[in-house]
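The residues making up each chain are set out below.
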Amino acid sequence: MAEIRPFQALRYHQERAGDIASLACPPYDIISPAQREELLARNPYNVVRLELPQGEDPYGEAGRALEQWLKDGVLTTDMDPGLYLYEEEFLTQVDHGEQKKLRGLLCRVRLEDFANGVVLPHEETLSKAKEDRFQLMQATHCNFSPIYSLYRDEAHVTRQRMDNLAAACPPRYQFSDGLVTHRLWVVNDQAAIAALQEDFAGRKLYIADGHHRYETALRYRDACRAENRYEPGADYVMMMLADMGDPGLVVFPTHRLVRDLPGFSEESLLAACGEYFEVSPQPGQAESQAALDRLYQEGKHAFALYAGAGWTVLTLKDPAVMDRLLPGLSEASRRLDVTILHTLVLERLLGIDKENMANQRNLTYTRDAAEAAASVEKGESCACFLLNPTRVEEIGQVAAAGEKMPQKSTYFYPKLITGLVMNPLWQRE
C-alpha cells in the first residue's frame, strides 16, 4: 500500500532570503499576472519565480534561478531527513463563517501507477497543464508544491499522532496571508517517523488536488527510466496527506458557465428540462442558493440555472434515469450532481459533448457564484449553473470504484501554500 518517506527538504534561509511570509505563494494555477508581479515586488526570491516562471525561456529561467539560489545559500537543505506537519487555520467565508483548522503530513510518497490501486485519482486532467509541469520538472528536478491527498483512518490514529507532535513544540513557521494562517512543524524524531510510516503501510491515498502534477511525476519517473538517467528521488513525489474525516476539510463547488452556444434559448432549455427535473422559478440568486442549501441537506440532486431572464432551481425527479443512461458507471458516479448536470443538461439538452467540455469551447468554470451571474448579465455567457459541493465521501467512493469525475468537480479550500518546503529529486531516498 502507500509508502511514505522522510526527506531533507529545501527551505529558505531566513537571513539571506527574508521572512517566509514574503516568500510563499498560492498554487501556480490560480495566480494572475498582476498577482505574480505583486509577489515578486514583495520579495524577488518569492517561490513564484520557480513555480510559475515567465519569459522567452521560462523553464530554463526557473532552473537557473534555482541553481543560483542554492549556490548563494538562499535555499538550503535540511540537515536531517524529516516529515513536516502543516496546518491551515481559516474561516469558511471571507471575514465570516465557521473557524476551522486542517492539519496534514508533508512527506515523500512512492509513485504508484493508478492501476495498482494505491494512489487513486478522482478527476480528469488536461494535456496542456501536464506538459507545462513536465517541462518545469525537467528544468528544475524539484517539486515546489505538494500534491494534496486524503486517506481513510476511521479511528483518527494518525491525526492524534500529529496533534501530539504539534503540541510538543512551537511551529517552525507561523504567518497569515490575510485569509489563512499557515503553520509548519519539522519532525526529525526517528520513532515518530517510523510510527507514521507504519500507519500508512496499509492505506490507499485519494488525490484531492494536484492530479496534473501527479501524472506529470509518473511521466518524469518513466522518462528517467527510459533514458537510463539516475535521479534518486524520481520514484517519489511530495504530498500533503490529510485525514478524510478531518472536520477541517472544506469542499466548495465549481460552477458551470455556458458560452458561445449557437441558437441557445432559455425558454426551450427550461421546457426540455421538465422531462427530468422539477422546474422551480425563484425570486433571485439568494433564494436560489437557499433552496440549493436545503435540497443538499435533504440529499436531493439539484442546481440553479440563470440565463438572464430569471433564476430557476432544477431538482432531479427520479435518480433511476441515470441508471438507465449510464449503466456502466458505479452508483457513486451516477449519483454525483456534476454527472447529472453534464449528462442530462449539457450533453443531452445542449449538445456539449465530452471533447467540447475538455477543450472548454462552450463550457468554462468559476468558484464564485456572483462572478457566474455577472458573466451572464454582461453577455459573456449564455447561462450559468450553480452547483452544491461534492461531498468528501463521494470523492472517496468514486476513486475507490476506479472512476473519475468530470473536470473541475471539486475545489478544496483553502489551497495549500507553495514554498514552505521543496522536494529536491536529486536527493537520495
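What comes next concerns the included structure. (Residues numbered from 1 in each chain as written. Predicted model: local features only at pLDDT ≥ 70, side-chain atom pairs only at ≥ 80, totals over all residues. Heavy atoms only, no water.)

## Focus on the nonpolar core
Right, on to step 1. Counting residues in each nonpolar core, the largest one holds 93 residues, and the members touching the most others are Tyr12, Tyr148, Leu150, Phe277 and Phe385.
Right, on to step 2. At 6 residues, helix H13 (residues 337-349) tops the list of elements feeding residues into this core.
Right, on to step 3. Beyond its immediate chain neighbours, meaning those up to four positions away, Leu150 contacts Lys204, Leu205, Tyr206, Ala208, Ala242, Met244, Leu249, Val392 and Phe412. (Core = buried A, V, L, I, M, F, W, Y, C linked by side-chain atoms within 4.5 Å. Buried < 20%, exposed > 50% of the residue type's maximum accessible area, 1.4 Å probe, protein only. Helix = DSSP H or I, 4+ residues; strand = E, 2+ residues; numbered from the N terminus. Contact = heavy atoms within 4.5 Å.)

## Looking at the sheet that holds strand E17 (residues 311-316)
Right, on to step 1. Pairing is antiparallel across the open sheet formed by 6 strands, whose spatial order is E15-E17-E16-E19-E14-E18. Each having just a single partner strand, strand E15 (277-282) and strand E18 (363-366) make up the two edges of the open sheet. Taken pair by pair, the neighbouring strands of this sheet meet at an average axis angle of 25 degrees, ignoring direction.
Right, on to step 2. Relative to strand E19 (residues 383-387), strand E16 (residues 302-306) runs antiparallel, the two sharing 4 bridges. Looking at E19, one finds that Ala304 is bridged to Leu386.
Right, on to step 3. In this fold helix H15 (residues 369-377) packs onto strand E14 (255-258), E16, E17, E18 and E19, with an angle of close to 165 degrees to the strand it touches most, E19. (Pairing = 2+ DSSP bridges. Axes fitted to C-alpha atoms, helices over the stretch in contact; angles between N-to-C directions.)

## Considering the packing of helix H4 (residues 58-72) against helix H5 (residues 127-140)
Right, on to step 1. Close contact between H4 and H5 brings their axes to 8 Å; oriented N to C, the two are set at 35 degrees. Crossing angle aside, the handedness with which H4 passes H5 is right-handed. Counting all contacts with H4, which are made through Tyr59, Gly60, Ala62, Gly63 and Leu66, the residues of H5 involved are Asp132, Gln135, Leu136, Ala139 and Thr140.
Right, on to step 2. Looking at side-chain class alone, the contact of H4 with H5 contains 5 nonpolar, 4 polar and 1 charged residues. (Left-handed = near helix turned anticlockwise from the far one by under 90°. Nonpolar A, V, L, I, M, F, W, Y, C, P; charged D, E, K, R; others polar.)

## As for the environment of Gln289
Right, on to step 1. Considering the arrangement of structural elements, one finds Gln289 in helix H10 (residues 285-297).
Right, on to step 2. Separated by 67 residues in the primary sequence, Gln289 and Asn356 have C-alpha atoms spaced 28 Å apart.
Right, on to step 3. Setting aside its immediate chain neighbours within four residues, Gln289 contacts Leu386 and Asn388.

## Comments concerning the environment of Leu205
Right, on to step 1. Counting through the fold element by element, Leu205 comes out in strand E11 (residues 205-209).
Right, on to step 2. Discounting residues that sit within four places of it in the chain, Leu205 has contacts with Ala2, Val109, Val118, Val119, Leu120, Ser149, Leu150, Tyr151, Phe200, Met239 and Leu241.

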